[in-house]
Every structure is written in C-alpha cells, then in structure tokens.
Amino acid sequence: MIKNEQLIQYFWENANVVTSNAGVDIDLHGDSFVEVSVLIRNHEEYGERIQLTASFHSLQNFVEFFKLECLEDMKLIGLEDMFVLYKAGRAELRVTEF
C-alpha cells in the first residue's frame, strides 16, 4: 500500500496533477483533498462541457477506493472507474455552458 508521504511527494513532482492513460485528471489540493475528474464532452465542438468529478477528503480513502498498490497505478484509473463512482453516488456530472 502507498504511504501518504510517497503520494504527496509524487504529486509535488508533477505540479499536483497526474493524468491517467485514459485522460482522467487527478488533482491534489493541500495535503489531503483529492479531486478526480474526466472531461466527457469537449467544449470546443459543443456549447457545453460535461465533466464527471469525484472528491476524496483523505489520501487514504483515495488509495483504498482505487486499490492503489504503487504510484504508477494512478495511470490506470479510467472512465469505467469514474462511472463506478457515479453509480455509487460518489461522483457528480457537471455541465457547464459556454
């Protein structure tokens, strides 16, 4: 299991943002609040932007939910994981009009 200090250091080395291979953005705010989001519809082609977002108020909850064994496991977080969070009521769909 990843230690909090390792995770914080990894985020610091990556300007507090890590993007998974599937395009999911993982942002660290402070030392414990993690926001995970993915853009579903690009605002450049449409008049609105649709984004799926989830928040974790502790690093431990984030690590446990995604079953992260090593730092590189964050790169494997995908859209399917985001929909699991949404179905469980732990993520929200945000629509922003431009």
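See the structure above.
Thresholds, definitions, all that
- Residues numbered from 1 in each chain as written.
- Predicted model: local features only at pLDDT ≥ 70, side-chain atom pairs only at ≥ 80, totals over all residues.
- Heavy atoms only, no water.
- Core = buried A, V, L, I, M, F, W, Y, C linked by side-chain atoms within 4.5 Å.
- Buried < 20%, exposed > 50% of the residue type's maximum accessible area, 1.4 Å probe, protein only.
- Helix = DSSP H or I, 4+ residues; strand = E, 2+ residues; numbered from the N terminus.
- Contact = heavy atoms within 4.5 Å.
- Salt bridge = Lys/Arg side-chain N within 4 Å of Asp/Glu carboxyl O.
- Axes fitted to C-alpha atoms, helices over the stretch in contact; angles between N-to-C directions.
- Parallel < 35°, antiparallel > 145°, perpendicular 65-115°, else oblique.
- Nonpolar A, V, L, I, M, F, W, Y, C, P; charged D, E, K, R; others polar.

J.: Would you mind showing me how to read the nonpolar core here?
T.: Note on soluble globular proteins: their nonpolar side chains tend to be buried together. Counting 25 residues, the largest nonpolar core has Leu7, Ile26, Val34, Val36, Phe62, Phe66 and Met74 as the members making the most contacts within it. Contributing elements (two or more residues each) for this core: helix 1 (4–13), strand 2 (25–29), strand 3 (33–41), strand 4 (48–56), helix 2 (59–66) and helix 3 (79–87). Contact partners of Val34, with chain neighbours within four places excluded, come to Ile26, Asp27, Leu28, Ala54, Ser55, Phe56, Leu59 and Phe62.

J.: Please explain the pattern of salt bridges as it appears in this structure.
T.: Side chains bearing opposite charge may pair, as long as their charged atoms lie close to each other. One pass over the structure, following the stated rule, counts 2 salt bridges. As a salt-bridge pair, Glu35 and Arg94 come within 3.9 Å of each other at their nearest N and O atoms. Separated by 59 residues along the polypeptide, Glu35 in strand 3 and Arg94 in strand 5 (residues 91–97) bring together distant segments of the chain. According to the relative accessible area criterion, Arg94 is partly exposed, its value standing at 33%. A salt bridge links Arg94 to Glu92; the shortest N-O distance between them is 2.9 Å.

J.: Is there a simple way to explain the packing of helix 1 against helix 2 in this structure?
T.: The geometry of a pair of packed helices is captured by two quantities: the angle between their axes and the separation between those axes. Across the interface, helix 1 lies against helix 2 with an axial gap of 10 Å and an inter-helix angle of 90°. Judged on the interaxial angle alone, helix 2 and helix 1 are roughly perpendicular. Note on element contacts: helix 2 touches helix 1 through Leu59, Gln60, Phe62 and Val63, opposite Asn4, Leu7 and Ile8. Here the contact of helix 1 with helix 2 is composed, by residue class, of 5 nonpolar, 2 polar and no charged.

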